[in-house]
Amino acid sequence: AVFAREPAPDMADTPVEIADQFVAALSDYDVDTVMSLFADDVVFLKWPDTAENFPAYMEYKRVMGTTHEFDACLENNGPQVRCPYVISDSITRAVGTEPGTGNFYVFTIDDGMITSVNNMFMDDGYNDAAMEVFDEWMIDNHPADWSVMQDTPYIEPDALALWSEHVPEFLASLDENR
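Below is a short write-up of the structure. Everything numeric here is computed off the predicted structure, so don't read it as measured data.

1. Observations regarding the packing of aromatic side chains
Between two aromatic rings, the relevant description is the distance of the centres plus the angle of the planes.
Right, on to step 1. Enumeration over the complete set of coordinates arrives at 20 aromatic pairs.
Right, on to step 2. Taking 5.3 Å as the distance between ring centres and 85 degrees as the angle between the ring planes, the aromatic pair formed by Phe 38 and Phe 44 counts as edge-to-face.
Right, on to step 3. Phe 38 gets classed as buried once you look at its relative accessible area, which sits at 1%.
Right, on to step 4. The buried category is assigned to Phe 44, whose relative accessible area is 9%.
Right, on to step 5. Plain terms: the ring middles of Phe 134 and Phe 170 are 5.1 Å apart, the flat faces sit at 85 degrees to each other, and that makes the pair edge-to-face. Placement of the pair is Phe 134 in helix H5 (residues 128-141) and Phe 170 in helix H7 (residues 157-176), with a sequence separation of 36 residues. The residues Phe 134 and Phe 170 share a single accessibility class, namely buried.
Right, on to step 6. Chaining the aromatic ring pairs together yields one cluster made of Phe 22, Phe 38, Phe 44, Phe 54, Tyr 57, Phe 70, Tyr 85, Tyr 105 and Phe 107.

2. Observations regarding the nonpolar core
Note on soluble globular proteins: their nonpolar side chains tend to be buried together.
Right, on to step 1. The biggest cluster of nonpolar side chains holds 30 residues, and the ones touching the most others in it are Phe 22, Phe 38, Phe 54, Cys 83, Tyr 105, Phe 107 and Ile 114.
Right, on to step 2. Looking at this core, the elements that each hand over two or more residues are helix H1 (15-27), helix H2 (31-36), strand S1 (38-44), helix H3 (54-64), strand S4 (80-88), strand S5 (100-110) and strand S6 (113-120).
Right, on to step 3. If one sorts the elements of this core by residue count, H1 sits on top with seven residues.
Right, on to step 4. If sequence neighbours within four positions are ignored, Phe 54 has contacts with Phe 22, Leu 26, Val 34, Met 35, Phe 38, Phe 44 and Pro 48.

3. Here's the deal with the state of the cysteines
Right, on to step 1. Tallied over the entire structure, the rule returns one disulfide.
Right, on to step 2. Note that Cys 73 is cross-linked by a disulfide to Cys 83, the S-S spacing being 2.1 Å. Taking the torsion about the sulfur-sulfur bond, which here is approximately 120 degrees, the covalent link between Cys 73 and Cys 83 counts as right-handed. Residue Cys 73 is located in the loop between strand S2 (67-70) and strand S3 (74-77), and its partner Cys 83 is located in strand S4; the two are separated by ten residues in the primary sequence.

4. Some details on the layout of surface pockets
Right, on to step 1. Counted as a void, the largest pocket has a volume near 540 Å³.
Right, on to step 2. Around the largest pocket, the lining is made up of 25 residues, and of these Tyr 60, Lys 61, Phe 121, Asn 127 and Tyr 154 lie nearest the centre.
Right, on to step 3. Of all the secondary structure elements, the ones that give two or more residues to the lining of the largest pocket are H3, S4, H5 and helix H6 (143-151).
Right, on to step 4. Counting residues per element, the lining of the largest pocket draws most heavily on H3, which supplies four residues.
Right, on to step 5. Tallied by class, residues from the lining of the largest pocket come to 13 nonpolar, six polar and six charged.

5. A closer look at the side chain of Thr 92
Right, on to step 1. By the element assignment, Thr 92 lies in helix H4 (residues 90-95).
Right, on to step 2. Leaving out residues up to four positions away in the same chain, Thr 92 has contacts with Thr 97, Tyr 126, Asn 127 and Ala 130.

Scoring rules and cut-offs
Residues numbered from 1 in each chain as written. Predicted model: local features only at pLDDT ≥ 70, side-chain atom pairs only at ≥ 80, totals over all residues. Heavy atoms only, no water. Phe/Tyr/Trp six-rings, centres within 6.5 Å; stacked < 30°, edge-to-face > 60°. Buried < 20%, exposed > 50% of the residue type's maximum accessible area, 1.4 Å probe, protein only. Helix = DSSP H or I, 4+ residues; strand = E, 2+ residues; numbered from the N terminus. Core = buried A, V, L, I, M, F, W, Y, C linked by side-chain atoms within 4.5 Å. Contact = heavy atoms within 4.5 Å. Disulfide = S-S within 2.5 Å. 1 Å grid on protein atoms, 1.4 Å probe; cavity = no way out; pocket = protein on both sides within 12 Å on 5 of 7 lines; lining within 4 Å. Points joined across faces, edges and corners; volume = space filled by probe spheres on them. Nonpolar A, V, L, I, M, F, W, Y, C, P; charged D, E, K, R; others polar.

See the structure below:
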């Protein structure tokens, strides 16, 4: 499937405006809008490694309840735009760990299309404590599923289905114990 759009001849979107469209769509889990902003030959410098994987990546982020709190996107260098963000997800919020800071996307935008994406996720350990709680719960309640979830990339359908099933179940168990 081809997701990219051709920019309209009168399109006056600046690189920052295009990056703003991306971050708004990402925050809303709007796959169609995100995909329409990518050039046909978009390059991903970090995971997900291809445009074809991006919808599953966004579905995983939706399942996890991931929120990106973006600061203003700013021109970085020529056609590059940098968009800093703070990240959290439903597990980290439920367990009460601090959000992850220091993260940013860098986009290269050419002719109104995103031609490269670099998600500079600074693994500051923001979700380590929360995932320890989730890990223990999964081992106690669904050890076979947890093995699949650990051994299979999360964007694969089997793993994504298990994440979709067990994250809400885990969150409900926390609510029951409060």
